[in-house]
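Inside the fold
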Protein chains: 2
Amino acid sequence: MLPSMVEALLRGEGAVQRRALAKAITLLESTLPDHRAQADELLTALLPHSGKSLRIGISGVPGVGKSTFIETLGLHLIGLGHRVAVLAVDPSSSVSGGSILGDKTRMEKLSVNERAFIRPSPSSGTLGGVAEKTRETMLICEAAGYDIVIVETVGVGQSETAVAGMTDMFVLMQLPNAGDDLQAIKKGVMELADLVVINKADIDEDAATRARAQITSALRIFSQQGRALVWAPKVIQLSALQGDGVQRFWDEVLAFRNSQQAAGELAARRQHQALAWMWERIETGLKQAFREDAQVKALLPGLVKDVEQGRIAASTAARRLLDAQGNTLNNATNNVPNIV
Amino acid sequence: MLPSMVEALLRGEGAVQRRALAKAITLLESTLPDHRAQADELLTALLPHSGKSLRIGISGVPGVGKSTFIETLGLHLIGLGHRVAVLAVDPSSSVSGGSILGDKTRMEKLSVNERAFIRPSPSSGTLGGVAEKTRETMLICEAAGYDIVIVETVGVGQSETAVAGMTDMFVLMQLPNAGDDLQAIKKGVMELADLVVINKADIDEDAATRARAQITSALRIFSQQGRALVWAPKVIQLSALQGDGVQRFWDEVLAFRNSQQAAGELAARRQHQALAWMWERIETGLKQAFREDAQVKALLPGLVKDVEQGRIAASTAARRLLDAQGNTLNNATNNVPNIV
């Protein structure tokens with residue numbers, strides 16, 4: 001069945017492709033081992049056809065106007081001949097029942113457009129799990145010919161880092177008020193941003209201008225250190241509600257893409273992201289296997305109590321648990337004379 | 001031999017105890033499995049006698065004047081009747097040969113005082129490893145009767161977080177110039193601080209006053225969210241070189257300690273730290289065992305290349321490697337109908 005699904009994804013038209021896309025994503029999100037094996041096969045088959053989109057991450061607190069902006073932007077891009085996929089990473093959605101994109105009515109016009117594909121956040125618990133499904137869904141959308149992928153996230157925990165780690169360009173949407181920028185600096189989100197958009201700039205132009213100056217100087221300080229920059233992150237003001245500034249936004253995105261591509265940064269970023277993703281999944285898998293180990297399960301509650309009550313050093317407890325799972329740590333055996 | 005070492009540490013005088021302390025730390029830092037087992041035994045024996053010190057973390061960039069300040073503070077505290085241990089966490093010391101505290105001449109008077117114990121950073125590579133040795137050394141110093149433990153660190157990588165995670169109070173030393181505070185905010189260090197000290201305030205009083213106002217407002221923004229605060233982090237100015245402000249610093253430390261103790265925060269913080277430390281060591285151990293697994297070693301280079309060149313999805317590669325190590329992940333086996 002897999003070959004026909006691959007065929008429908010790569011070359012199917014309209015409803016045929018859309019149905020295959022939905023099926024493929026359901027397969028990815030399944031936790032059945034059999035399905036997981038099929039999903040891996042599917043991904044491997046589609047991988048050579050993926051990667052041809054521009055991947056844009058958009059983050060901002062609730063109320064900043066992400067949905068309005070993405071709808072306006074999406075329709076604008078479709079008008080330019082693109083096909084647009086909108087995905088979301090919202091690790092809180094399993095609790096809240098899907099706060100972002102759960103309700104397609106928030107992007108009324110875009111959601112019914114046949115050149116758009118909107119998918120709410122998977123609701124499978126941990127951020128790592130949610131991010132993994134979204135990354136895989138992105139690859140499948142690309143194979144199906146969507147050449148712009150927008151990944152939306154609210155600022156929950158480390159979700160911005162996850163989204164910046166799967167996109168070519170990370171856009172931070174800010175409100176024009178003081179303090180918003182300090183929060184972003186503090187959370188380490190500001191330094192992820194390739195572009196900062198001050199939305200609702202029409203409401204208080206003075207505040208927007210002040211915010212822009214502050215953010216610009218903050219970005220300058222952070223970019224002095226660290227990576228040699230081909231691109232100096234920019235700050236623009238717009239009003240998504242009034243449709244003002246969307247073309248300017250897109251010009252900035254293309255300028256970014258071109259400068260990165262010319263410098264070979266785009267390919268390097270994706271390669272780096274893929275390896276980081278692999279290690280992230282390995283770490284998660286190791287911790288999961290550890291917690292599910294029968295010996296560990298038997299010892300853990302008692303050792304936690306011992307550590308809490310100061311009966312055993314935390315590092316001693318850690319070593320006992322690792323031994324219990326059968327991790328044979330290969331200690332360096334240099335010739336140290338007997339000390340005690 | 002262990003009982004005599006314990007005896008010398010707990011009740012030995014002068015040079016006898018000092019020699020036992022040096023031996024115990026060498027034992028902790030040994031990588032021989034036998035030594036490690038003895039070290040765990042030693043820690044477990046000493047643990048009931050540890051924990052009775054005030055643990056103070058002090059961080060700041062090179063040049064901020066940490067050594068001068070710690071020497072002045074240490075001598076002041078010895079004058080008040082305390083015994084002072086000064087440890088360091090410097091993950092770069094294995095490369096640089098010990099940039100902080102490597103040279104005891106930097107604390108000339110304190111290092112020769114018999115009521116002080118100064119130990120340079122262990123130079124065993126990773127931050128986690130360095131931090132673990134320092135934590136264990138701290139416990140042993142406490143058992144030996146040092147009632148003030150100062151842990152110094154420079155701002156290398158995540159070392160501030162490691163030090164804040166092993167101390168009762170975290171002090172950030174800043175220079176009186178703009179930008180220094182934004183750096184600290186960005187790195188997430190500002191929010192760790194229980195007290196911010198602006199040193200060298202005598203050099204440029206205006207700048208110091210401005211910096212103090214900026215940091216105070218930043219601290220206010222960050223403390224509004226998150227933890228219910230018993231203690232609002234403070235900012236003080238001083239000049240370590242002129243010995244000015246050391247008593248005021250100590251008054252702030254005691255005020256902090258008292259407010260935390262009254263609220264039960266001190267014990268809660270230590271319990272939380274111990275468990276976090278246990279999990280940190282477990283994660284490190286799991287990753288180490290994974291990387292040293294023969295099957296993983298055989299597959300890893302090929303899979304890394306496949307991921308880099310886009311021949312296999314990163315998550316697929318991660319699953320293959322986990323399987324290779326024999327991690328039997330217990331996938332939830334709910335009844336999902338066949339999709340493909």
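Residues numbered from 1 in each chain as written. Chains lettered and ligands numbered in written order. Predicted model: local features only at pLDDT ≥ 70, side-chain atom pairs only at ≥ 80, totals over all residues. Heavy atoms only, no water.

**A closer look at the pairing of strand 2 (residues 84-89) of chain A**
For a regular strand, the rule is simple: side chains alternate between the two faces of the sheet. Residue and element names in this part refer to chain A. The element strand 2 is largely enclosed, with a buried count of 6 among its 6 residues. Alternating positions in strand 2 separate into two faces, Val-84, Val-86 and Ala-88 on one and Ala-85, Leu-87 and Val-89 on the other, with burial throughout. Pairing analysis gives 3 bridges linking strand 2 to strand 3 (residues 116-118), with the strands arranged parallel. In the sheet register, Val-84 faces strand 3, and the bridge partner there is Ala-116. Of the pairings in the sheet, the one linking strand 2 to strand 4 (residues 148-153) comprises 6 bridges and is parallel in character. By the bridge assignment for strand 4, Val-84 is matched with Ile-148. (Buried < 20%, exposed > 50% of the residue type's maximum accessible area, 1.4 Å probe, protein only. Helix = DSSP H or I, 4+ residues; strand = E, 2+ residues; numbered from the N terminus. Pairing = 2+ DSSP bridges.)

**Focus on the confidence of the model for chain A**
All names here are of chain A. Summary statistics for chain A give a mean pLDDT of 84 and a share of 85% for residues scoring 70 or more. Confidence drops under a pLDDT of 50 for residues 330-340, and excluding neighbours within four residues, the segment shows 25 contacts in the predicted structure. Two numbers describe this predicted complex: its pTM, 0.75, and its ipTM, 0.78. (pLDDT = per-residue confidence, 0-100. Contact = heavy atoms within 4.5 Å.)

**Observations concerning the pattern of salt bridges**
All names here are of chain A. This model, assessed by the stated rule, comprises 30 salt bridges over all chains. Notably, a salt bridge pairs Arg-119 with Glu-29, separated by 3.6 Å at the nearest N-O pair. Pair noted here: Arg-119 is in the loop between strand 3 and helix 7 (127-143) and Glu-29 is in helix 2 (residues 14-29), with a separation of 90 residues, a long-range link. Note that Glu-280 and Arg-281 form a salt bridge whose closest N and O atoms lie 3.2 Å from each other. Judged by relative accessible area, Glu-280 falls into the partly exposed class, the value being 34%. (Salt bridge = Lys/Arg side-chain N within 4 Å of Asp/Glu carboxyl O.)

**Notes on the packing of aromatic side chains**
Per the stated rule, a full pass over the model turns up 6 aromatic pairs over all chains. Plain terms: the ring middles of Phe-117 of chain A and Tyr-146 of chain A are 6.1 Å apart, the flat faces sit at 45 degrees to each other, and that makes the pair tilted. In this pair, Phe-117 of chain A sits in strand 3 while Tyr-146 of chain A sits in the loop between helix 7 and strand 4, placing the two residues 29 residues apart along the sequence. Its relative accessible area of 6% is what places Phe-117 of chain A among the buried residues. Arranged with centres 4.8 Å apart and planes meeting at 90 degrees, the rings of Phe-69 of chain B and Phe-249 of chain B form a pair that is edge-to-face. Highlighted residues: Phe-69 of chain B in helix 4 (residues 66-79) and Phe-249 of chain B in helix 11 (residues 246-262), separated in sequence by 180 residues. When sorted by exposure, Phe-69 of chain B lands in the same class as Phe-249 of chain B, which is buried. It is Arg-291 of chain A that lies over the ring of Trp-279 of chain B; its NZ or CZ is 4.4 Å from the centre. A cation over a ring is seen here: Arg-83 of chain B above Tyr-146 of chain B, with NZ or CZ 4.2 Å from the ring centre. (Phe/Tyr/Trp six-rings, centres within 6.5 Å; stacked < 30°, edge-to-face > 60°. Lys NZ or Arg CZ within 6 Å of the ring centre and 35° of its normal.)

**Some remarks on the side chain of Gln-17 of chain B**
Residues and elements named next belong to chain B. One can find Gln-17 in helix 2 (residues 14-29). In this structure Gln-17 comes out as buried when scored by relative accessible area, which is 6%. Here Arg-83 takes part through its side chain, which lies 2.8 Å from a polar atom of the side chain of Gln-17. (Polar contact = N/O pair within 3.5 Å; in protein donor to acceptor, adjacent residues only side chain to side chain.)

**Side note on helix 7 of chain A**
All names here are of chain A. Taking 1.5 Å of rise per residue, the 17 residues of helix 7 would be expected to cover 24 Å, and the 24 Å separating its terminal C-alpha atoms lies within 8% of that figure. Counting buried residues along helix 7, 16 of its 17 residues qualify, which places the element largely inside the surrounding structure. Positive phi appears at Gly-145, one or two residues downstream of helix 7, with a value of about 100 degrees. (Expected span 1.5 Å × (residues − 1).)

**Overview of unusual backbone geometry**
All names here are of chain A. For Lys-200, which is not glycine, the phi torsion reads 60 degrees and is therefore positive. By the element assignment, Lys-200 lies in the loop between strand 6 (195-198) and helix 10 (205-224). For Lys-200, a relative accessible area of 28% translates into the label partly exposed.

**What to know about helix 1 (residues 2-11) of chain B**
Buried within helix 1 of chain B are the following residues: Leu-2, Met-5, Val-6, Ala-8, Leu-9 and Leu-10 of chain B. Check the buried side of helix 1 of chain B and you find it contacts helix 2, helix 3 (33-46) and helix 7 (127-143) of chain B.

**With respect to the sheet that holds strand 7 (residues 234-237) of chain B**
Backbone-to-backbone hydrogen bonds pair the strands of a sheet. The strands run either parallel or antiparallel. All names here are of chain B. Across the sheet, which stays open at both edges, the 7 strands sit in the order 3-2-4-1-5-6-7 with parallel pairing between neighbours. Looking along the sheet, the strands with just one partner apiece sit at the ends: strand 3 (116-118) and strand 7. Geometrically, the sheet is characterised by an average inter-axis angle of 20 degrees between neighbouring strands, direction not taken into account. (Axes fitted to C-alpha atoms, helices over the stretch in contact; angles between N-to-C directions.)

**Some points on the environment of Leu-241 of chain A**
Residues and elements named next belong to chain A. Assignment of secondary structure puts Leu-241 in the loop between strand 7 (234-237) and helix 11 (246-262). Its relative accessible area of 74% is what places Leu-241 among the exposed residues. On a C-alpha basis, the gap between Leu-241 and Met-278 in space is 39 Å, while along the polypeptide they are 37 residues apart.

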